[in-house]
Amino acid sequence: MKNFIIAAVISLTGLAGYGQKTTVSASIDAATEITSPSRLDFNVGVATSHLWRGLVINDGMTAMGFVHLALDKNQHFTTGVWGGAGFDGDYREINYYVQYQKNNLSIAIWNLFNTTGIASPEVFNYDKLTTTHIIDLRTSYRFPKAFPMRIEADVFLYTGKNDRELDVNNNYNSRYSTYVELSYPVVENQKVNVSLYVGGVFAFDGSSNLYRADQSKDFGIVNTGFRLTKDISVLNYKLPVSATAMWNPANKIARLQLAVSLF
């Protein structure tokens, strides 16, 4: 089943062509000339909330850090660590990833580990019955500039108790919850840029999925809205800022998120 899912998702990206730039480029004007790009970098950002695929992961001020390392000189292969923490101390998350990206195509494996509300997080526990880790296959492709639509297709390959369902034999099986998103930039290269997006979910093997609050249903639109981005000048620095309006029709929630990339 897992081999089928991996082949299906990769085939989808090959047909549709999708690319996601996971790493974040530095936004500060360099004081000294840099002769070659660094393979090692890190970034820090702050947001009024942490929204992810239509879910509200943290409903308060959140700091996010991202360390990434290019494994080859062309920077097609990268690995790194992403972490998030709520200002109130309740939300905590650390994720690891490896990614291949070339031109507009990206394929990555992420290990998601959200320890919010867990008294004794077991960071090295990957037992299929008790782990809270999620192994997430992420693929994306962006069409050429003539039609710059971006397609994203992500599937949970391994989830332990986070994404499972009892079958007819009363055994727990993974649902392989899947998220697919389309986004399109409607305004580019302006002071304020605008993009629209819509995301839907379903389960490859189950009657429900992790993203929907109503576990009696499977498919649903869980993430739709628009995102505004621009750069603001602070002294000699340019800070990328964004405003994201998100509606989740399936779960009947909506949020406005403001975020800034500090460096």
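Small disclaimer: the values here were computed from a predicted structure and weren't measured.

Engineer: Run through the environment of Thr159, naming residues and quoting values.
Structural biologist: By the element assignment, Thr159 lies in the loop between strand E9 (150-158) and strand E10 (164-166). What makes Thr159 buried here is its relative accessible area of 2%. Sequence spacing of Thr159 and Ser174 is 15 residues, and the spatial spacing of their C-alpha atoms is 7.1 Å.

Engineer: An account of the pairing of strand E7 (residues 105-112) is needed here, citing residue identities and associated values.
Structural biologist: Here strand E6 (residues 92-102) pairs with E7 via 7 bridges, running antiparallel. The partner of Tyr97 across the bridge, within E7, is Trp110. The hairpin turn running from E6 into E7, its antiparallel successor, is 2 residues long, and Asn103 in that turn takes a positive phi close to 55°. Judged from the 8 bridges that link them, E7 and strand E8 (residues 134-142) form a sheet pairing that is antiparallel. Along E8, the bridge assignment pairs Trp110 with Asp136.

Engineer: I'd like a description of the packing of aromatic side chains, backed by residues and values.
Structural biologist: The full count for this structure, using the stated rule, is 13 aromatic pairs. With a centroid separation of 6.0 Å and 40° between ring planes, the pair formed by Tyr179 and Tyr211 is classed as tilted. Taken together, the residues span a long stretch of sequence, with Tyr179 in strand E12 (residues 177-187) and Tyr211 in the loop between strand E13 (193-203) and strand E14 (220-234) at a distance of 32 residues. In terms of burial, Tyr179 and Tyr211 fall into one category: buried. Here a set of aromatic residues connected by ring pairs shows up, and it is made of Trp52, Phe156, Tyr179 and Tyr211. In this structure, Arg138 is placed above the aromatic ring of Trp110, and the distance from its NZ or CZ to the ring centre is 4.2 Å.

Engineer: Account for a nonpolar patch on the surface, naming residues and giving values.
Structural biologist: On the surface, a nonpolar cluster with roughly 830 Å² of combined accessible area is contributed by Leu40, Phe42, Val67, Leu69, Leu71, Phe77, Val81, Ile94, Leu262 and Phe263. Taken together, the elements giving at least two residues each to the nonpolar patch come down to strand E1 (40-47), strand E4 (62-70) and strand E5 (77-86). Position of Phe77 relative to the elements: it lies in strand E5.

Cut-offs applied
- Residues numbered from 1 in each chain as written.
- Predicted model: local features only at pLDDT ≥ 70, side-chain atom pairs only at ≥ 80, totals over all residues.
- Heavy atoms only, no water.
- Helix = DSSP H or I, 4+ residues; strand = E, 2+ residues; numbered from the N terminus.
- Buried < 20%, exposed > 50% of the residue type's maximum accessible area, 1.4 Å probe, protein only.
- Pairing = 2+ DSSP bridges.
- Phe/Tyr/Trp six-rings, centres within 6.5 Å; stacked < 30°, edge-to-face > 60°.
- Lys NZ or Arg CZ within 6 Å of the ring centre and 35° of its normal.
- Patch = residues over 30% accessible without salt bridge, like charges linked within 9 Å, V, L, I, M, F, W, Y side chains within 5 Å.
- Areas by Shrake-Rupley, 256 points an atom, 1.4 Å probe, with all protein chains shown as cover.
- Salt bridge = Lys/Arg side-chain N within 4 Å of Asp/Glu carboxyl O.

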